[in-house]
Amino acid sequence: MAPSDISLPRKARRAYELGRLRSAALRALRVLPVAALMLWMHPGPQALALLGVLAVTVLALLWRGGAYGRAATTGLLAGAVPLVAPVLVRSGGHCCIAGLCAAICMVACVGAGLVAGAVVALRAGRERGEHGTFMASAAFVAGLTGVLGCTVMGAAGILGMLAGLLVASVPVAVRGALAAR
Amino acid sequence: MPFARQTADSELEQSRCAAQRRAADGDLDETLKRADREQIDRWMTALADGDRNAFAPLYAALWPRLRAFAARALPSSADAEDAAQSALLRVFSRAAEFDGERDACAWVLGIVAWECRTLRKRAARRREIGDASHLDGAAAPGADPEAAALARDLEAAARAAFGDLRPADQDTLRRAIAGERPPDGGPTFRKRLERAIARLRGAWRSTYGTE
């Protein structure tokens, strides 16, 4: 084998990885609508920091590909529900007016978390193999996306949303893992 | 460009195009068997989805085929190697964008055919530039190694033809080249010189078949 033949597989592999990164960067632009929504609702350094983490996570997942890549898109869609829901409730005059409204807002966070979890779980059901990978990745992206919406309620709102996400998605993940055995 | 060379280039180009068409259309099955094509389809789809395990077998399947295709499409083995390498890197660079609904082999062969075409065009441009500089006399004599080698071959051939002449003819030609003509510039010497040149031409023609 000639020396050029030895280095050629390495060059080809590098070309492949760089090509994947380029393609992932283009597809990661899907974060832009979510970013615009986040910055419109919660302008400030907190939103920017979250956006940075979200963008890097989505880029990494799309570059890795497979179940990870598919989970990124699902996670963004599912996370948009808890991102928007508390704001919609509040704009309807049901939130943050006296103590009772705060409870409704909390319910909105938990409910949105449940919906997001259900979306992730339903989509994971269509995955062949790799249920766990898909669930974990999509839930992580959904959590990152939705967390900013529930900061209205402070840490309790965030925890409520994450709890809803887990409650709705874990049973499906367990069922997938059992079926895989 | 001389007409004979133009015709030869045109024939060469036609044969290359025909080889390429055969490889891309009818003879594709000869290059890639159906089972191989399906396997390559599966590997390419898996790689596009991010399955790195498909890289090694796909590389092993594609590289010899790309080389064979390029070798058929290009006359120079160095150019063929370059085209195959460029095509291979381009295929892997764009693997993430590959649409699983498409035929992977047709996609890959399209890329290598494009690379071959690009290299041929580049070579043709180089040749045209080389011809132009030769006509302009821009290149210094002996600067081009190919031209120097050609000149050496020509000189050796002329010496061989010269050696076939009779000593009297050789002497006449030597004197004419050195400018040692008789003081009276006699017609006898001119006649001898004409005969020596005619014999030299005859010797050249009989040895090399050309004027």
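The preceding data block contains the structure.
Everything in this summary refers to the structure shown in the same document.

A word on the overall build of chain B. Counting its regular elements, chain B contains nine helices and zero strands. Looking at chain B as a whole, 19% of its 211 residues are labelled buried. Pairs at least 24 residues apart make up 65% of the contacts formed inside chain B by residues separated by at least 6 positions.

Turning our attention to the overall build of chain A. Helix and strand counts for chain A stand at seven helices and zero strands. Secondary structure of chain A in N-to-C order comes out as α-α-α-α-α-α-α. Here chain A holds 181 residues, and 44% of them are scored as buried. For chain A, contacts bridging at least 24 residues in sequence account for 75% of all contacts bridging at least 6.

On to the interface of chain A and chain B. Listed per partner, the contact involves 15 residues of chain A and 14 residues of chain B. For the side of chain A that touches chain B, the secondary-structure elements that each account for two or more residues are helix H1 (3–27) and helix H4 (66–91) of chain A. With eleven residues, the top contributor of residues to the side of chain A that touches chain B is H1(A). Its residues assigned to classes, the side of chain A that touches chain B shows six nonpolar, five polar and four charged.

Here we come to the packing of helix H4 (residues 55–73) of chain B against helix H5 (residues 77–93) of chain B. Residue and element names in this part refer to chain B. Where H4 meets H5, the closest approach of the two axes is 8 Å, and the angle between their N-to-C directions is 135°. Viewed along their axes, H4 and H5 adopt a mutual orientation that is oblique. Pair H4 / H5 crosses with right-handed handedness. Contact residues: H4 offers Leu62, Trp63, Leu66, Arg67, Ala70 and Ala71, while H5 offers Ser77, Ala80, Ala83, Ala84, Ala87, Leu88 and Val91. Split by residue class, the contact of H4 with H5 holds eleven nonpolar, one polar and one charged.

Here the focus is the environment of B:Gly110. All names here are of chain B. Residue placement: Gly110 occurs in helix H6 (residues 104–136). The class of Gly110 is partly exposed, set by 14 C-beta atoms lying within 10 Å. For the pair Gly110 and Ala87, spaced 23 residues apart in sequence, the C-alpha separation works out to 9.3 Å.

Let us look at helix H3 (residues 34–49) of chain B. The end-to-end C-alpha distance of H3(B), which contains 16 residues, comes to 23 Å, matching closely the 22 Å that a straight helix rising 1.5 Å per residue would cover. Taken as a whole, H3(B) has its buried residues at B:Ile40, B:Trp43, B:Met44, B:Ala46, B:Leu47 and B:Ala48.

The description of two helices packed together rests on the angle between their axes and the distance between the axes. All names here are of chain A. Where helix H2 (residues 31–41) contacts helix H3 (residues 45–64), the axes come no closer than 10 Å and their chain directions differ by 170°. Looking at the two axes, H2 sits roughly antiparallel to H3. Like other packed secondary-structure pairs, H2 and H3 cross with a definite hand, here right-handed. Along the contact surface, H2 presents Val31, Ala35, Met38 and Leu39, while H3 presents Ala47, Leu50, Leu51, Leu54, Ala55 and Val58.

Definitions and limits used
Residues numbered from 1 in each chain as written. Chains lettered and ligands numbered in written order. Predicted model: local features only at pLDDT ≥ 70, side-chain atom pairs only at ≥ 80, totals over all residues. Helix = DSSP H or I, 4+ residues; strand = E, 2+ residues; numbered from the N terminus. Buried ≥ 20, exposed ≤ 12 C-beta atoms within 10 Å, placed from the backbone. Contact = placed C-beta atoms within 7 Å. Nonpolar A, V, L, I, M, F, W, Y, C, P; charged D, E, K, R; others polar. Axes fitted to C-alpha atoms, helices over the stretch in contact; angles between N-to-C directions. Parallel < 35°, antiparallel > 145°, perpendicular 65-115°, else oblique. Left-handed = near helix turned anticlockwise from the far one by under 90°. Expected span 1.5 Å × (residues − 1).

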